Amino acid sequence: MIEKIFQEKDFIPAEMPENLPAQWNDKVSAYSNIAIIKYWGKKGMQIPMNASLSFWLPQSLTQTGVQIHLLDNPTKEVYFEFKFEGKNNPAFNEKIAVFFKRIEKYAPYLKYYKWFFESTNNFPHSAGIASSASGFAALAKLLINFEKMIFPSTNDKFLTAKASFLARLGSGSASRSVVGRVAVWGKHPLIPYSNDFYAIDYPLEIHPEFNRMVDLILLLEKEKKAVSSSQGHRLIENHPFKIQRIDQAQEHLTELISALRSGDWELFGKITESEALSLHAMMMTSSPPYLLINPDTVKWIKIVQQVRKESKIPIFFTLDAGANIHVIYPLKQEKKLRTFIPELFELEAVRNLI
Ligand code: DP6
């Protein structure tokens with residue numbers, strides 16, 4: 001067991017092996033994730049302003065396959081083709097080109113090959129289900145599988161950390177999609193080995209109360225969101241509440257540690273909802289201000305709160321950077337919930353068992 005935090009320089013391979021395979025192919029899948037403590041605001045090269053914590057979403061995933069062909073000489077820029085749902089997508093190509101540029105130092109083998117990717121999601125992208133998270137996590141996992149083959153003696157813990165490190169350079173939240181069920185990314189004083197460079201499996205105790213939960217994502221809006229997360233992060237840089245928000249997130253994570261340990265659903269829910277509303281409040285109070293929620297989002301927030309009050313079922317909501325709402329409750333309460341509020345289960349939704 002490696003008990004250390006890897007440093008940036010650890011992720012730069014010493015040298016390329018002499019006999020690179022002429023061809024290789026592989027296919028991986030990566031889950032999306034839902035942040036309970038939100039990453040909102042970054043500095044430098046994808047360094048988060050606060051620590052975030054998320055749960056995986058096993059039923060919201062990206063599958064990506066790759067075929068590679070060795071070149072006679074390494075190229076200047078990484079040569080790749082990327083098909084999403086069978087088609088070229090210029091916006092994705094641009095993001096992936098930036099990603100490859102950022103990681104070429106850590107993945108020098110990229111330039112020795114032609115890379116052909118084929119990717120699909122089983123959910124609508126750009127709709128508030130973190131598609132960039134599972135998308136970049138899948139790419140990073142493929143690269144790490146390749147590394148494992150060319151550097152066979154590399155330790156698995158290191159490779160997982162490196163996959164997360166690379167994924168982060170594609171999209172911050174993607175760093176959390178290569179580890180296990182509960183991921184932490186960003187340094188927090190009470191979480192050993194937490195750091196800003198890659199995500200780790202949450203190492204502290206989680207009460208069995210939180211073992212089997214449902215995250216029902218209500219697809220209230222499927223269009224592309226008006227302001228992307230990347231633009232949103234930029235607007236935090238000069239935000240009047242920036243410092244307060246960073247402090248709040250760190251304190252929320254401290255409280256969440258104790259809620260997770262003690263099985264306190266009420267505290268868990270209070271923090272979860274507060275984080276979601278704070279995230280959107282930051283959007284509404286940035287310059288220029290913007291609003292991603294819609295009347296249906298507000299309607300379902302109110303319904304969730306009302307149902308909780310009347311049924312005494314621990315049911316809570318959270319939001320990503322979009323209008324869709326994630327309704328979270330213990331699996332064991334689902335039957336009761338279905339009788340209490342059948343309309344909730346008639347909406348177009350993606351149900352994740354987390
Ligand atoms: C609201 O990870 O999409 O979903 O690093 O610019 O790609 P980039 O941002 P991204 O931001 C996600 C923000 C969030 C909260 C979260 O997932 O923690």
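Source: prediction; values computed, not measured.

Right, let's get into the pairing of strand β7 (residues 113-121). Of the two faces of β7, the one lined by Tyr113, Trp115, Phe117, Ser119 and Asn121 is fully buried and the one lined by Lys114, Phe116, Glu118 and Thr120 carries no buried residue. As paired elements, strand β4 (residues 52-70) and β7 share 9 bridges and run antiparallel to each other. Pairing of Thr62 across the sheet is with Asn121, part of β7. Pairing geometry for strand β5 (residues 79-84) and β7, over 6 bridges, is parallel. Its bridge partner being in β7, Phe84 is matched across the sheet by Ser119.

Inspection of the secondary structure assignment puts Ser134 in helix α2 (residues 131-150). At 2.7 Å, the side chain of Ser134 forms a polar contact with the side chain of Thr62. The residues contacting Ser134, other than those within four sequence positions of it, are Ala30, Tyr31, Ser32, Thr62, Phe123 and Ser177.

In the contact formed by α2 and helix α3 (residues 156-170), the axes pass within 8 Å of each other and the chain directions differ by 140 degrees. Viewed along their axes, α2 and α3 adopt a mutual orientation that is oblique. Like other packed secondary-structure pairs, α2 and α3 cross with a definite hand, here right-handed. Residues Phe136, Ala137, Ala140, Leu143, Ile144, Glu147 and Lys148 of α2 touch α3, and the partners they reach there are Asp156, Leu159, Lys162, Ala163, Leu166, Ala167 and Gly170.

The next point concerns the pattern of salt bridges. Any two side chains of opposite charge can pair, so long as their charged atoms come close to each other. Going through the model one piece at a time under the given rule, you end up with 11 salt bridges. Asp10 is the salt-bridge partner of Lys4, the closest N and O atoms lying 4.0 Å from each other. What makes Asp10 partly exposed here is its relative accessible area of 28%. A salt bridge links Glu334 to Arg351; the shortest N-O distance between them is 2.9 Å. Highlighted residues: Glu334 in helix α8 (residues 334-340) and Arg351 in strand β13 (residues 349-353), separated in sequence by 17 residues. When its relative accessible area of 9% is taken as the criterion, Glu334 is described as buried. For Arg351, a relative accessible area of 31% translates into the label partly exposed. Taken together, the salt bridges that share partners define one network made up of Glu77, Lys101, Glu104 and Lys111.

Around the ligand, 17 residues are found, and the nearest of them are Tyr39, Lys42, Ser171, Gly172 and Ser173. For the ligand, an oxygen atom lies 2.7 Å from a polar atom in the side chain of Lys42. Here an oxygen atom of the ligand sits 3.2 Å away from a polar atom, N or O, in the side chain of Ser230. Relative to its unbound accessible surface of 460 Å², the ligand loses 93% to contact with the protein. Taken together, the residues of the shell around the ligand sort by class into 5 nonpolar, 8 polar and 4 charged.

Basis of the calculations
Chains are numbered independently. Their residues run from 1 in the order of the written sequence. Local features in this predicted model are restricted to residues of pLDDT 70 or higher, and side-chain atom pairs are both shown and tallied only at a pLDDT of 80 or more, whereas totals for entire chains, interfaces and linings draw on every residue. The basis for every side-chain value is the complete set of non-hydrogen atoms in the structure, without hydrogens or water. Buried, partly exposed and exposed residues are distinguished by accessible area as a fraction of the type maximum, computed with a 1.4 Å probe on protein chains only: under 20%, between the cut-offs, and over 50%, respectively. Secondary structure elements follow DSSP: runs of H or I no shorter than four residues count as helices, runs of E no shorter than two count as strands, and numbering proceeds from the N terminus. Strands pair, by our definition, only if DSSP identifies at least two bridges between them. Two N or O atoms form a polar contact when they lie within 3.5 Å of each other; inside protein one atom must be a possible hydrogen donor and the other a possible acceptor, and for residues adjacent in sequence the pair counts only when both atoms belong to side chains. Residues are treated as being in contact if the distance between any of their heavy atoms lies within 4.5 Å. Only the contacting stretch of a helix is used when fitting its axis, a line to C-alpha atoms as for every element, and angles between N-to-C directions run 0 to 180 degrees. Roughly parallel means an angle under 35 degrees; roughly antiparallel, over 145; roughly perpendicular, 65 to 115; everything else is oblique. Handedness of each helix crossing follows the sense of rotation of the near helix against the far helix: counterclockwise by less than a right angle gives left-handed, clockwise gives right-handed. Each reported salt bridge corresponds to a side-chain nitrogen of Lys or Arg within 4 Å of a carboxyl oxygen of Asp or Glu. Throughout, near means a residue has at least one heavy atom within 4 Å of the molecule or strand. Note on areas: Shrake-Rupley, 1.4 Å probe, and residue coverage restricted to the protein chains presented here. Note on residue categories: nonpolar means Ala, Val, Leu, Ile, Met, Phe, Trp, Tyr, Cys or Pro, charged means Asp, Glu, Lys or Arg, and polar means any other residue, Gly included.

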